[in-house]
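# Topology and contacts: notes
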Amino acid sequence: MHRFGWLFGLVALMLLALGCSGDSSSNREAEIWMAINNLRLELENKLGQPVPSVNVFVQTPVETFFASAANTQEEAITVDTYFRIASITKNLTATAILLMQQNGWLDIAHTITTLMPGGEAPYVPDNPDYDIPFKNEITIEQLLQHTAGVYDVDNSPVPGCDGYSYVGWMLERQPDQQFTAAEMVSQNAIHQLSYFAPGTGYHYSDTGYTILGEIISRIYTFQAKTAKTYSDFLLEHVVGPVTPIPLAITFPYLSTDQTMPSPSVCGTVIDTEGNVIYCRDNLSPHVAQGNGLATMRQLSNFVRTLMQGQNVLSPDSVYLMQNETSSFEPKYGLGCKKFQYLGYGHGGDTRGYSSVMAYNPETDVSIVALLPLWDIRSLDNFLACQKTYFNAAFETLKILGYPAETWN
């Protein structure tokens, strides 16, 4: 065990030794810590590299539990440590879209070229940047479900980019470039890129959510009668001070806004040339699909209250989010995935961070798991990291007496 690991282990054993005379919550929290620390050590052994921490936060109907099993005391995080939530952002984007539908500002059945309700402009700009394949057939719902066939210029190779995605290629050359939705979507228009005709398949697409972010910005600008951004709507109507559950989640969209609120945890990427620590990142190419910054406590509060119908969405809208799935991917609804045993929520991966948030209505349990580490030396190593943080969530549920599995 690495430096300070012995101290955490000793504390855990002391808590367990209290038995019936001690606090049962502390006993279970110590048991959770030991279980996820064993997973961390197993991952260390496989990778041959230190694993900074494995972290779990869970809220049951009556209690909350948190454990951060870390390589060193300095690398342990708290429930209020900020990290890059990556594609968990998509669930908040879907929340914004469904809230706009509740307000009568849009209809998810509309195509993206339909005029905004009460306005004279379409949901997406009527210009060459948005002349993507099947433009007139794509619906807002299909973008939410990843069934629109929109080519993902953030993760798939684009012509002229040396076999890389457009976003990856540009960031290598200009790390601080201010990306725009039009710039990224235009790559699909220029090269006429698409995965399939809308409604005929499923392909996860960050660029589809980039379009949703632009739609949110345009609708809010029209309704507010002043220039508004995607982030403005999220902060003013979904998580901000005047919302039912105020949460200090942020959504940076400027290339110069690369720091996280304090306290925060940096992401680590292990590659063939060594370890790279990411404490700063340009999130401007990831607006609406991966630009959120939050804490484990905030995410648990958000997903719990949202899925209970006690946040900004009505129970009917929550039902749509969870159940309006496609036959091509029946576990993915409207910016919402159903995870076995964990419930409804979303996962997130961005360089140096892997996480998941979910709420299970059958058990009334919300859970968030975080591993601030990628190992991209091989697919096997990367998948081992993925299994570790999911197994941390599963082991936690088992300890608390809830059904779960183990990924081997």
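What you are looking at is a predicted structure, and each value in this text was computed from that prediction instead of being measured.

### Digging into the packing of aromatic side chains
If you walk through the whole model with that rule in mind, you get 14 aromatic pairs. An aromatic cluster is built from Phe 339, Tyr 341, Tyr 389, Phe 390, Phe 394 and Trp 407, whose rings are joined through pairwise contacts. Just above the ring of Tyr 209 sits the side chain of Lys 90; from NZ or CZ to the centre is 5.7 Å.

### Regarding the pattern of salt bridges
Pairs can form between side chains of opposite charge whenever their charged atoms are close. Scanning all chains against the criterion turns up 12 salt bridges. Among the ionic pairs, Lys 46 bridges to Asp 380, the shortest N-O distance being 2.7 Å. One end of the pair, Lys 46, is in helix α2 (residues 24-47); the other, Asp 380, is in helix α11 (residues 379-399), and 334 residues separate them in sequence. Taking relative accessible area as the criterion, Lys 46 reaches 42% and is therefore assigned partly exposed. As a salt-bridge pair, Asp 131 and Lys 135 come within 3.2 Å of each other at their nearest N and O atoms. Asp 131 gets classed as partly exposed once you look at its relative accessible area, which sits at 38%.

### Some points on the state of the cysteines
Within the structure shown, the criterion is met by 1 disulfide. One disulfide bridge connects Cys 266 with Cys 279, the sulfur atoms lying 1.8 Å from each other. Disulfide Cys 266-Cys 279: the torsion about the S-S bond is 105 degrees, which places it as right-handed. Taken together, the residues Cys 266 in the loop between α8 (230-238) and β4 (267-271) and Cys 279 in the loop between β5 (274-278) and β6 (292-294) connect sequence positions 13 residues apart. Given a relative accessible area of 25%, Cys 266 falls into the partly exposed group.

### Quick word on the environment of Asp 316
Structurally, the position occupied by Asp 316 is in helix α10 (residues 315-323). Judged by its relative accessible area of 62%, Asp 316 falls in the exposed class. Sequence-wise, Asp 316 and Gly 163 are 153 residues apart; in three dimensions their C-alpha atoms are separated by 44 Å.

### Focus: the environment of Ala 121
Along the chain, Ala 121 turns up in the loop between α3 (89-102) and α4 (140-145). Of the residues examined, Ala 121 reaches a relative accessible area of 27% and is grouped as partly exposed. Sequence separation between Ala 121 and Ser 26 is 95 residues, and the spatial gap between their C-alpha atoms is 57 Å. In this structure Ala 121 touches Thr 114, Leu 115, Met 116 and Arg 218, once residues within four positions along its chain are discounted.

### Quick word on the pairing of β4
In terms of burial, β4 is largely enclosed, as 4 of its 5 residues are buried. Relative to β5, β4 runs antiparallel, the two being bridged by 5 bridges. Counted as the bridge partner of Asp 271 is Gly 274 from β5. Direction of pairing for β4 relative to strand β11 (residues 373-375): parallel, over a ladder of 3 bridges. Bridge assignment links Val 269 to a residue of β11, and that residue is Trp 374.

Scoring rules and cut-offs
Along every chain, residues carry numbers that run from 1 in the direction the sequence is written. At least 70 in pLDDT is required for a residue's local features to be given in this predicted model, at least 80 for side-chain atom pairs to be given and counted, and no such filter applies to totals for whole chains, interfaces and linings, which use all residues. Side-chain calculation: all heavy atoms of the structure are included, whereas hydrogens and water are not. Only the six-membered ring of Trp is used, alongside the rings of Phe and Tyr, when aromatic pairs are assigned; centres must lie within 6.5 Å, and planes under 30 degrees apart are stacked while those over 60 apart are edge-to-face, with the rest tilted. Definition used: whenever NZ (Lys) or CZ (Arg) falls within 6 Å of the ring centre and also within 35 degrees of the ring normal, the charge is taken to sit over that ring. Criterion for a salt bridge: a side-chain nitrogen of Lys or Arg within 4 Å of a carboxyl oxygen of Asp or Glu. We count a stretch as a helix when DSSP gives it H or I for four or more residues in a row; a strand needs E for two or more, and each element gets its number in order from the N terminus. To sort residues, take the accessible area from a 1.4 Å probe on protein chains only and compare it with the maximum for the residue type: under 20% means buried, over 50% means exposed, and anything in between is partly exposed. Counting rule for disulfides: a pair of cysteine sulfur atoms within 2.5 Å. Residue contacts follow a heavy-atom distance rule, with two residues in contact if any of their heavy atoms lie within 4.5 Å. Each pair of strands is called paired provided DSSP finds at least two bridges between the two strands.

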